[in-house]
Number of protein chains: 2
Amino acid sequence: MEREYETYKAAVDEALLTLPLLAGAEQVELEAPTRAPAEGSVPLPLASAMRYSLTLPGKRLRPVLLLAGYHLLAEDWQTAMPYALALEMIHAYSLIHDDLPALDNDDLRRGKPTNHRVFGENTAILAGDALYSLAFETMLHDALTAPRPDRALAAIAEIARRAGVRGMIAGQTLDVKLEGKPPNAELVHYIHRHKTADLITAPVVAGLTLAGANQAQREAGEAYGQALGLAFQIVDDLLDLSGDVQVMGKQAGMDAQRGKMTWPAVFGEAEARAQAGRLVAQAVSATAIFGETAAFLRRLAEDTLTRVS
Amino acid sequence: MEREYETYKAAVDEALLTLPLLAGAEQVELEAPTRAPAEGSVPLPLASAMRYSLTLPGKRLRPVLLLAGYHLLAEDWQTAMPYALALEMIHAYSLIHDDLPALDNDDLRRGKPTNHRVFGENTAILAGDALYSLAFETMLHDALTAPRPDRALAAIAEIARRAGVRGMIAGQTLDVKLEGKPPNAELVHYIHRHKTADLITAPVVAGLTLAGANQAQREAGEAYGQALGLAFQIVDDLLDLSGDVQVMGKQAGMDAQRGKMTWPAVFGEAEARAQAGRLVAQAVSATAIFGETAAFLRRLAEDTLTRVS
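Residues numbered from 1 in each chain as written. Chains lettered and ligands numbered in written order. Predicted model: local features only at pLDDT ≥ 70, side-chain atom pairs only at ≥ 80, totals over all residues. Heavy atoms only, no water.

Visitor: Would you mind going over the overall build of chain A with me for this structure?
Guide: Counting its secondary structure elements, chain A contains 15 helices and two strands. Computed over its C-alpha atoms, the radius of gyration of chain A comes to 19 Å, within 12% of the 19 Å expected for a compact globule of 309 residues. For chain A, buried positions account for 62% of its 309 residues. Of the contacts formed within chain A by residues at least 6 apart in sequence, a portion of 72% connects residues at least 24 apart. (Helix = DSSP H or I, 4+ residues; strand = E, 2+ residues; numbered from the N terminus. Rg over C-alpha atoms; globule rule 2.2 N^0.38 Å. Buried < 20%, exposed > 50% of the residue type's maximum accessible area, 1.4 Å probe, protein only. Contact = heavy atoms within 4.5 Å.)

Spelled out as structure tokens, the structure:
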């Protein structure tokens, strides 16, 4: 991993590990307390379940993209951290709910047992809800004292919309409900764009928005995020075809087993690989407007392909 | 139902039934589309599941409280509608998740089959997520063009906090995780305050905040909401002891069957009834600061008791 990615990621990991609201929830705790929790604290076992999924080792791609997007236009990228953390919380919530028995029924995530396997289904459902909630609480808390509340508000609205009912949840629904249906280019494009690309686009655009981007810059960020996000999911589909559990941190070959509508299932493996390459090129060229400052985002996009090369 | 309540409720019901995003989802639809949904629309069956739970007949207590709270200080209460709708969306999401087999495993809600009984567990989980999301999307969309974005932001933050990890979800977690545990006054107080009273307090305080309340007014709204909310849940516990399915729209006697920590289980039925009465008196006296304008909120609190008298 390159130095700039590592700098952002280390800051994100540090902030995730030291979230004041989840302090004292480091151990896996399955039981509720026998006395009322302190007001303003998050009760066990909820805090423990939230912390478990939020601090599993991961790439932190979405928070890194938010910080990098902000950093394109402003130096003090650390001030965007609440929004970066919110993106990782939303990602973690979506994985917890996605892994539930009623959805993908996964036992393994990021190399560890899934949330419901450790904490039970009831706590896992609530921990997902809680992480989604905490994402908004974290951003809104920052926005209340932000120097530019208008920018904060616009960034939160962008994130809410992309995570929401016309974004990630829409994609997630069709991903689940179209299992076993005949492969269809239009549908797989819809699923991947919303299930994955929307939550990769949101941090880039929100980061830019927080830093005061103009419309052309926001549109460039959107074009970058959509292309990168789609490439990222195609690569993920390809890895599921050929990858192993060690590399992926989750079981491979599951897409086919579940009858998921994947990119290679629709277009074939070779064409999927070629399309991922073209999408990365699109992502790279979308950043031209930012000049040399965007070198990091260009390398990040190019590195997406090396996962399957 | 009195005239003023009916006025607010009719406006809420009308707005819920005509939500543009859920237009075309009036029928129960279980299947995903065979073509990609239009961009910016909510796909089936998600929209259908969201609309099903959101438009089941209900008291609309939380949105009514938001509009009435706003109306204490400003005339144009219709402008607060996006926040009122958001409260009903949050309430509906919490009921869908609460009813799931892994949580309360309820078959009946508001006199109709629960969401997962109609749409299946996977869609129900996502529909809950989606309604929570739509609540924020709805409020943030309004806030972006609000005449006083500072007030909008403060109101959204208030709602997020009370619905969140130190509010409703905290109470919900202990409600579920303490099933079968010995009745305990401190714990039942914590559960009821957060599981129920927080989402009854949030609309009152948020409505006041949107209308420009000062701190003393917000604190009075909070005192009113907490007392009313607690009384409301105690009455609900009492109804579960004695009520029938026709009146409640859900199965009665379930709390005891599940070993829920209820107010009558801790304090006895007579004392619970007496405490509900005292809490209503507290709620009523908290509104003194608003003078005659708060007559509606006082009657609303008093009517809570007639459900079990």
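Additional details are given in the paragraphs that follow.
Visitor: How should I be thinking about the confidence of the model for chain A in this particular structure?
Guide: Low-confidence regions, as indicated by low pLDDT, have predicted coordinates that should not be scrutinised in detail. Chain-level statistics for chain A give a pLDDT mean of 95 and a share of 97% at 70 or above. Scored as a complex, the prediction yields pTM 0.97 and ipTM 0.96. (pLDDT = per-residue confidence, 0-100.)

Visitor: Can you help me understand the pattern of salt bridges in this one?
Guide: Taken as a whole and assessed by the stated rule, the structure comprises 49 salt bridges over all chains. Between Asp150(A) and Arg148(A) there is a salt bridge, with the nearest N and O atoms lying 2.9 Å from each other. Among the salt bridges present, the one from Asp13(B) reaches Lys9(B), with a minimum N-O distance of 2.7 Å. Of this pair, Asp13(B) and Lys9(B) are both found in helix 1 (residues 3–17), four residues apart, which corresponds to roughly one turn of the helix. The residues Asp13(B) and Lys9(B) share a single accessibility class, namely buried. (Salt bridge = Lys/Arg side-chain N within 4 Å of Asp/Glu carboxyl O.)

Visitor: Can you walk me through the interface of chain B and chain A in this structure?
Guide: Often the size quoted for an interface is simply the accessible area lost on bringing the parts together. Taken together, the 65 residues of chain B in the interface contact 65 residues of chain A. Summing the contributions of chain B and of chain A, the shared interface buries around 5300 Å²; its carbon and sulfur component is 68%. Among the residues of chain B in contact with chain A, Leu153(B), Val165(B) and Lys177(B) are the three that bury the most area, contributing 12% of the side total. Here chain B and chain A share eight salt bridges between them. Two residues, Arg35(B) and Glu186(A), come together in a salt bridge whose shortest N-O distance is 2.9 Å. Contributing elements (two or more residues each) for the side of chain B that touches chain A: helix 2 (46–54), helix 4 (81–99), helix 6 (121–144), helix 7 (149–163), helix 8 (168–177) and helix 9 (185–210) of chain B. Here the element with the most residues in the side of chain B that touches chain A is helix 6 of chain B; it accounts for 15 residues. Taken together, the residues of the side of chain B that touches chain A sort by class into 41 nonpolar, 12 polar and 12 charged. (Buried area = accessible area lost by both parts, 1.4 Å probe. Nonpolar A, V, L, I, M, F, W, Y, C, P; charged D, E, K, R; others polar.)

Visitor: Hey, could you run me through the relation of the copies chain B and chain A in this one?
Guide: Two copies of one chain are present, and they are related through a rotation about an axis combined with an axial shift. Superposing chain B onto chain A takes a rotation of 180° combined with a translation of 0.0 Å along the rotation axis, leaving an RMSD of 0.0 Å. What the superposition gives is, in effect, a two-fold axis relating one chain to the other. Comparing interface residues between copies, 100% of those in chain B also sit at the interface in chain A, which points to an isologous, same-surface contact. (Least-squares fit on C-alpha atoms with pLDDT ≥ 70 in both.)

Visitor: What am I meant to see in the nonpolar core here?
Guide: Generally speaking, a soluble globular protein has its nonpolar side chains buried in company with each other. With 221 residues, the main nonpolar core has Met50(A), Tyr224(A), Met50(B) and Tyr224(B) as its most contacted residues. With sequence-adjacent residues up to four places away left out, Met50(B) is seen in contact with Val165(A), Leu22(B), Val42(B), Ala127(B), Ala130(B), Leu131(B) and Leu134(B). (Core = buried A, V, L, I, M, F, W, Y, C linked by side-chain atoms within 4.5 Å.)

Visitor: Help me out: how do you make sense of the packing of aromatic side chains in this one?
Guide: The geometry of two aromatic rings is summed up by the distance between their centres and the angle between their planes. Taken as a whole, this structure holds 16 aromatic pairs over all chains when the rule is applied. Here the aromatic rings of Trp263(B) and Phe267(B) are separated by 5.0 Å at their centres, their planes lie at 35°, and the arrangement is tilted. Here Trp263(B) pairs with Phe267(B), and both are found in helix 13 (residues 263–267), just four residues apart, close to one helical turn. An aromatic cluster is built from Tyr93(A), Tyr132(A), Phe136(A), Tyr93(B), Tyr132(B) and Phe136(B), whose rings are joined through pairwise contacts. (Phe/Tyr/Trp six-rings, centres within 6.5 Å; stacked < 30°, edge-to-face > 60°.)

Visitor: Explanation requested: the environment of Ile159(B) in the structure shown.
Guide: All names here are of chain B. Positionally, Ile159 belongs in helix 7. A relative accessible area of 0% means that Ile159 is categorised as buried. A sequence separation of 23 residues divides Ile159 from Phe136, and the C-alpha atoms of the two residues are 9.5 Å apart. Excluding residues that lie within four positions of it along the chain, Ile159 makes contacts with Leu66, Leu87, Ile90, Met139, Ala202 and Ala206.

Visitor: Help me out: how do you make sense of helix 1 (residues 3–17) of chain A in this one?
Guide: Think of an α-helix as turning once every 3.6 residues; residues three or four places apart then point the same way. All names here are of chain A. A rise of 1.5 Å per residue sets the reference length of helix 1, with its 15 residues, at 21 Å; its end C-alpha atoms lie 21 Å apart and thus fit the reference within 8%. Every buried residue of helix 1 is listed here: Tyr5, Tyr8, Lys9, Val12, Asp13, Ala15 and Leu16. Burial along helix 1 is one-sided: seen end-on, the buried residues are contained in an arc of 165°. The secondary structure elements touched by the buried residues of helix 1 are helix 2 (46–54), helix 3 (61–71), helix 4 (81–99) and helix 15 (295–306). (Expected span 1.5 Å × (residues − 1). Arc of directions from axis to C-beta.)

Visitor: I tried to follow unusual backbone geometry on my own but got confused; where do I start?
Guide: Residue and element names in this part refer to chain A. Put simply, Leu44 and Pro45 share a cis peptide bond, and its omega is 0°. In this structure, Pro45 sits in the loop between helix 1 and helix 2. Even without a glycine there, the phi angle at Arg110 is positive, about 55°. Along the polypeptide, Arg110 turns up in the loop between strand 1 (108–109) and strand 2 (112–113).

Visitor: Before we go on, may I ask you to explain helix 2 of chain A in this structure?
Guide: The element helix 2 of chain A is extensively covered by neighbouring structure, given that nine of its nine residues are classed as buried. Burial in helix 2 of chain A covers these residues: Leu46(A), Ala47(A), Ser48(A), Ala49(A), Met50(A), Arg51(A), Tyr52(A), Ser53(A) and Leu54(A). Where helix 2 of chain A is buried, its residues contact helix 1, helix 4, strand 2, helix 5 (115–119) and helix 6 (121–144) of chain A together with helix 8 of chain B.

Visitor: Honestly, the packing of helix 2 of chain B against helix 6 of chain B in this entry has me stumped. Any pointers?
Guide: When two helices pack together, their arrangement is given by the angle between the helix axes and by the axis-to-axis distance. Residues and elements named next belong to chain B. The N-to-C vectors of helix 2 and helix 6 enclose an angle of 70°; their axes lie 9 Å apart at closest approach. When the interaxial angle is binned, helix 2 and helix 6 end up roughly perpendicular. Counted together, Leu46, Ala49, Met50 and Leu54 of helix 2 and Thr123, Leu126, Ala127, Ala130, Leu131 and Leu134 of helix 6 form the full contact between these two elements. (Axes fitted to C-alpha atoms, helices over the stretch in contact; angles between N-to-C directions. Parallel < 35°, antiparallel > 145°, perpendicular 65-115°, else oblique.)

Visitor: What's the story with the packing of helix 1 of chain A against helix 3 of chain A in this structure? I'm lost.
Guide: All names here are of chain A. It is the contact of helix 1 with helix 3, at a shortest axis distance of 9 Å, that shows an interaxial angle of 115°. Classed by the angle they form, the pair helix 1 and helix 3 counts as roughly perpendicular. The way helix 1 lies across helix 3 gives a crossing that is right-handed. Only Leu61, Pro63, Val64, Leu67, Ala68 and His71 of helix 3 make contact with helix 1, whose side of the interface consists of Glu4, Tyr5, Tyr8, Lys9 and Val12. Broken down by class, the residue content of the contact of helix 1 with helix 3 amounts to eight nonpolar, one polar and two charged. (Left-handed = near helix turned anticlockwise from the far one by under 90°.)

Visitor: What am I meant to see in the environment of Arg273(A) here?
Guide: Relative to the assigned elements, Arg273(A) resides in helix 14 (residues 269–286). Sequence separation between Arg273(A) and Leu305(A) is 32 residues; the distance between their C-alpha atoms is 8.6 Å.

Visitor: For this particular structure, what's the right way to read the environment of Leu65(B)?
Guide: All names here are of chain B. Relative to the elements of secondary structure, Leu65 occurs in helix 3 (residues 61–71). What makes Leu65 buried here is its relative accessible area of 0%. Each C-alpha atom of the pair Leu65 and Gly225 lies 9.0 Å from the other, and the pair is 160 residues apart in sequence. Among residues more than four places away in sequence, those in contact with Leu65 are Ile200, Pro203, Val204, Tyr224, Leu228, Leu297 and Leu300.

Visitor: How should the side chain of Arg62(A) be read in this particular structure?
Guide: Residues and elements named next belong to chain A. With respect to the secondary-structure elements, Arg62 resides in helix 3. Among buried Asp, Glu, Lys and Arg side chains, Arg62 stands out as unpaired, with Glu88 the closest opposite charge at 5.5 Å. There is a polar contact of 3.3 Å between the side chain of Arg62 and the side chain of His91. Each residue touching Arg62, except ones within four places of it in the same chain, is listed here: Leu87, His91, Leu199, Ile200, Pro203 and Phe232. (Lys, Arg positive; Asp, Glu negative; His and termini not counted. Polar contact = N/O pair within 3.5 Å; in protein donor to acceptor, adjacent residues only side chain to side chain.)

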